[in-house]
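So you can see what is in the structure, the chains are spelled out below.
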Amino acid sequence: QVQLEESGGGLVQPGGSLRLSCLASGSVFSFDTMGWYRQAPGKQRELVAIVKSDNTAFISGSVKGRFTVSRDNAKNEVNLHMSGLKSEDTAVYYCNVISGGHGYWGQGTQVTVSS
């Protein structure tokens, strides 16, 4: 069993920055992939950024150049660094980790970009 603790969401003005963190704990000690998805109201959940165990990262085209993703394997932590935030980035952001073919989701953290 894996528990994911997300933090860092909130309200930010357009052009601002936020950092989301996700700490994984439980009976699994390593993860193949760690990353973030988001779901805006009325839309499907979409991939934002993921990073593999070898630190190879994939960033969605909609946030490339503004968001970066990093992971700390020793802490089983994945972070999403968001800058240049836009109103269309408003969504619930979900942490996702995969280990041995099993995927786990966090409960989500709200990010609202508004003046």
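Structure first, text after, so check above.
The numbering scheme is per chain: residues are counted from 1 as the chain's sequence reads. Whole-chain, interface and lining totals are the exception, using all residues; otherwise, since this is a predicted model, local features are given only for residues with pLDDT of at least 70 and side-chain atom pairs are given and counted only at 80 or more. Water and hydrogen atoms were dropped before computing side-chain values, which therefore reflect all heavy atoms in the structure.

Undergrad: An account of the pattern of salt bridges is needed here, citing residue identities and associated values.
TA: The salt bridge definition used is simple: a Lys or Arg side-chain nitrogen within 4 Å of an Asp or Glu carboxyl oxygen. All told, the structure shown has three salt bridges when counted by the stated rule. Between Asp89 and Arg38 there is a salt bridge, and its shortest N-O distance comes to 3.0 Å. Of this pair, Asp89 sits in the loop between β8 (77-82) and β9 (91-99) while Arg38 sits in strand β4 (residues 33-39); the two residues are 51 residues apart in sequence, bridging distant segments of the chain. Residues Asp89 and Arg38 agree in their burial class; the two are buried. Linked through salt bridges whose partners overlap, the residues forming this network are Arg38, Glu46, Arg66 and Asp89. The helix and strand labels rest on DSSP assignments: H or I over at least four residues marks a helix, E over at least two residues marks a strand, and numbering proceeds from the N terminus. With a 1.4 Å probe rolled over the protein chains alone, any residue whose accessible area is under 20% of its type maximum counts as buried; one over 50% counts as exposed, and the rest are partly exposed.

Undergrad: Account for the pairing of strand β5 (residues 46-52), with residues named and values stated.
TA: One ladder, built from six bridges, connects β4 with β5; its direction is antiparallel. Within β5, the residue paired with Arg38 across the bridge is Glu46. Think of it this way: DSSP has to see at least two bridges between two strands before they count as a pair. Here β4 folds back onto β5, and the loop between the two strands holds six residues, one of which, Gly42, carries a positive phi near 75°. The antiparallel hairpin formed by β5 and strand β6 (residues 57-59) contains four residues in its connecting segment, where Asn55 sits at a positive phi of about 70°.

Undergrad: Describe the sheet that holds strand β7 (residues 67-72), listing the residues and the values that go with them.
TA: Strands sit in the order β1-β3-β8-β7 across an open sheet of four strands; the sheet is antiparallel. Every other strand in the sheet has two partners, leaving β1 (2-7) and β7 as the edge strands with one partner each. The mean inter-strand angle of the sheet, taken between neighbouring strand axes irrespective of direction, is 15°. Across six bridges, the pairing between β7 and β8 is antiparallel. The axes are straight lines fitted to the C-alpha atoms, using for helices just the contacting stretch, and the angles between their N-to-C directions are given from 0 to 180°.

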